[in-house]
Amino acid sequence: MKMFENMSYTNKIKWRIRSSWALLAAMLVYMVVMGELGGDSRIMTDLADTVSRVIFFGGFGYVVYRICHNKKLLKNRSLLKEHMRAELDERNQYLHDKSGGIVVDLLLLFLLFLTNTTALFNMPAFYASLSALLAALLLKGLAYWAYSRR
């Protein structure tokens, strides 16, 4: 991580774009692998089908949006400076850290992956992972809200 500390903000944005493209490729590979393994759609409930589609295609759309947003930042210097100022704001960093920080963000990402995968194969596991995902989202949101009111 020390590699990114000495990097300019422009280079950090370029790395974010590259990693977003890698994530997009990984999502496409995941989609092909899950298509080949083929979950049994006869055992999927309507909720599991809807949630898996929202998670996957919503995540896909979000990654595409982030790529476009970051490219837009690189083209416009004033937007880049404003975004950098907001990102480096101590209050925003404090709220992110107190609401779980990177650990909870990675946990949420893992739970999204787990929920999407279990929706294709096992309904009891899907409901358990969906409950854990919703609980983690609720706890992060409540912690963020509580600390933002101080």
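The rules behind the values
- Residues numbered from 1 in each chain as written.
- Predicted model: local features only at pLDDT ≥ 70, side-chain atom pairs only at ≥ 80, totals over all residues.
- Heavy atoms only, no water.
- Axes fitted to C-alpha atoms, helices over the stretch in contact; angles between N-to-C directions.
- Helix = DSSP H or I, 4+ residues; strand = E, 2+ residues; numbered from the N terminus.
- Parallel < 35°, antiparallel > 145°, perpendicular 65-115°, else oblique.
- Contact = heavy atoms within 4.5 Å.
- Nonpolar A, V, L, I, M, F, W, Y, C, P; charged D, E, K, R; others polar.
- Salt bridge = Lys/Arg side-chain N within 4 Å of Asp/Glu carboxyl O.
- Buried < 20%, exposed > 50% of the residue type's maximum accessible area, 1.4 Å probe, protein only.
- Core = buried A, V, L, I, M, F, W, Y, C linked by side-chain atoms within 4.5 Å.

Draft legend 1. Molecular detail of the packing of helix H3 (residues 46–75) against helix H4 (residues 77–87). Closest axis-to-axis distance for the H3/H4 pair is 5 Å, and the angle between their directions is 115 degrees. By the angle between their directions, the pair H3 and H4 is classed as roughly perpendicular. Residues Arg66, His69, Lys72, Leu73 and Lys75 of H3 lie in contact with H4, whose contacting residues are Arg77, Leu79, Leu80 and His83. Split by residue class, the contact of H3 with H4 holds 3 nonpolar, 2 polar and 4 charged.

Draft legend 2. Highlighting the pattern of salt bridges. Under the definition given, this model contains 3 salt bridges. Across the pair Glu87 and Arg16 runs a salt bridge whose closest N-O atoms are separated by 2.5 Å. Here the residue Glu87 occupies a position in helix H4, and Arg16 occupies one in helix H2 (residues 9–37), the gap between them amounting to 71 residues. Look at Glu87 and you get partly exposed, because its relative accessible area is 28%.

Draft legend 3. Fine view of the nonpolar core. Within the largest apolar cluster, 21 residues are counted, with the highest numbers of intra-cluster contacts made by Ala48, Phe126 and Leu133. Broken down by secondary-structure element, the contributors of at least two residues to this core are H2, H3, helix H6 (101–121) and helix H7 (123–148). Of the residues forming this core, the biggest block, 6 residues, is contributed by H3. With 5 residues, the next largest nonpolar core counts Ile13, Ile17, Leu73 and Leu80 among its residues.

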